[in-house]
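Residues per chain, in single letters:
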Amino acid sequence: QVQLVESGGGLVQAGGSLRLSCAASGSIFSINNMAWYRQAPGKQRELVARISSFGRTDYADSVKGRFTISRDNAKNTVYLRMNSLNPEDTAVYYCNAEVVSRPTMALLIKWGQGTQVTVSS
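The following refers to the structure shown.

What counts and how
Residues numbered from 1 in each chain as written. Predicted model: local features only at pLDDT ≥ 70, side-chain atom pairs only at ≥ 80, totals over all residues. Heavy atoms only, no water. Helix = DSSP H or I, 4+ residues; strand = E, 2+ residues; numbered from the N terminus. Contact = heavy atoms within 4.5 Å. Buried < 20%, exposed > 50% of the residue type's maximum accessible area, 1.4 Å probe, protein only. Lys, Arg positive; Asp, Glu negative; His and termini not counted. Salt bridge = Lys/Arg side-chain N within 4 Å of Asp/Glu carboxyl O. Polar contact = N/O pair within 3.5 Å; in protein donor to acceptor, adjacent residues only side chain to side chain. Phe/Tyr/Trp six-rings, centres within 6.5 Å; stacked < 30°, edge-to-face > 60°. Lys NZ or Arg CZ within 6 Å of the ring centre and 35° of its normal. Disulfide = S-S within 2.5 Å.

## Describing the environment of Val48
- When you line up the elements, Val48 lands in strand S5 (residues 46-51).
- Between the C-alpha atoms of Val48 and Phe67, which are 19 residues apart in sequence, the distance is 8.7 Å.
- When sequence neighbours within four positions are dropped, the list of residues in contact with Val48 reads Trp36, Tyr37, Arg38, Asp58, Tyr59, Ala60, Val63, Phe67, Leu80 and Tyr93.

What follows is the structure in structure tokens.
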């Protein structure tokens, strides 16, 4: 069993900052890409940022320069630092990870339960 547990969401005023964390636990051999997605009410889930096991990062155009994704491979944890938040960033944020599991070495696509981020104007 592999689980992703997120933390760090909440309510913040426009212009403020938050940091999200997502820790993977369980029967893990290794983790390839880790990512953050978000889903606003009435909209499709969209990729916010992604980081490879080697640290290469990709960002949605809407968050470039404001959000920073990072990871701690020793802790199987991915972070999302969000600065200069605006009301359009309001959404449920989901962690995603490509996990190679023990003992079968199967590749699992795992999702966290989601954490709400609300930005007030």
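## A look at the side chain of Glu6
- Secondary-structure assignment places Glu6 in strand S1 (residues 2-7).
- In this structure, Glu6 is buried with no salt-bridge partner, the nearest side chain bearing the opposite charge being Arg45 at 7.8 Å.
- Reaching out from Glu6, the side chain makes a polar contact with the backbone nitrogen of Cys95 at a distance of 2.5 Å.
- Each residue touching Glu6, except ones within four places of it in the same chain, is listed here: Ser21, Cys22, Trp36, Tyr93, Tyr94, Cys95, Gly112, Gln113, Gly114 and Thr115.

## Let's talk about the packing of aromatic side chains
- Within the structure shown, the criterion is met by 1 aromatic pair.
- It is Arg45 that lies over the ring of Tyr94; its NZ or CZ is 3.7 Å from the centre.
- The side chain of Arg45 reaches across the aromatic face of Trp111, ending 4.7 Å from its centre.

## Observations concerning the state of the cysteines
- Scanning the model with the defined rule gives 1 disulfide in all.
- The disulfide bridge from Cys22 ends at Cys95, spanning 2.1 Å between sulfur atoms. The sign of the S-S torsion, about -80°, decides the handedness of the disulfide formed by Cys22 and Cys95: left-handed. Taken together, the residues Cys22 in strand S3 (residues 18-26) and Cys95 in strand S9 (residues 91-101) connect sequence positions 73 residues apart. Across this residue pair, the class does not change: Cys22 and Cys95 are buried.

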